[in-house]
Amino acid sequence: MLERYVRNQPVLTLQEAIRKMTSWPAQRLGLRQRGVLREGTWADVVIFDLERMHDRATNLYPHRYPFENYPHQYPEGIDYVFVNGVMVVSGGEHTGALPGKLLRHTPA
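In what follows, the accompanying structure is described. (Residues numbered from 1 in each chain as written. Predicted model: local features only at pLDDT ≥ 70, side-chain atom pairs only at ≥ 80, totals over all residues. Heavy atoms only, no water.)

**Examining the nonpolar core**
One finds Leu2, Val6, Leu12, Ala17, Leu50 and Met53 forming the largest nonpolar core, which totals six residues. In this structure, Met53 is in contact with Leu2, Glu3, Arg7, Phe48, Glu76, Gly77 and Ile78, ignoring residues within four places of it in sequence. (Core = buried A, V, L, I, M, F, W, Y, C linked by side-chain atoms within 4.5 Å. Buried < 20%, exposed > 50% of the residue type's maximum accessible area, 1.4 Å probe, protein only. Contact = heavy atoms within 4.5 Å.)

**Quick look at the side chain of Arg34**
Residue position: Arg34 is located in the loop between helix 3 (23-28) and strand 1 (45-48). Side chain to side chain, Arg34 and Asn84 meet in a polar contact 3.0 Å long. In contact with Arg34, not counting residues within four places along its chain, are Ala26, Trp42, Asp44, Asn84, Lys101 and Leu103. (Helix = DSSP H or I, 4+ residues; strand = E, 2+ residues; numbered from the N terminus. Polar contact = N/O pair within 3.5 Å; in protein donor to acceptor, adjacent residues only side chain to side chain.)

**Quick notes on the sheet that holds strand 2 (residues 78-83)**
Ordered by their spatial adjacency, four strands build an open sheet running 1-2-3-4, and the pairing between neighbours is antiparallel. Each of the sheet's edge strands pairs with one partner strand only, and the pair in question is strand 1 and strand 4 (93-94). Across four bridges, the pairing between strand 1 and strand 2 is antiparallel. Looking across to strand 2, one finds that Phe48 is bridged to Ile78. (Pairing = 2+ DSSP bridges.)

Pasting the structure below:
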């Protein structure tokens, strides 16, 4: 989304795209402690370089399989990822940490 719709075909601002991937779906699913950065919420953070952002997955059979190598090819430009406050990607490489947990919809 960021490479295509923010940088290459700018139909969204960076702020709009990030909202569509974070706070908006969290709000719709009733995940009150997710999707925003503020005290008391879970720390899920992605640190990226928009200019280096590139999805390396291939699209050999778009009508059957959206991406041939997805999710086996990590995107370029994502340097650090924190899930629940734990670093899971450092310098573009997975650390082996698996701090994620199952999230369930919370009724409004």
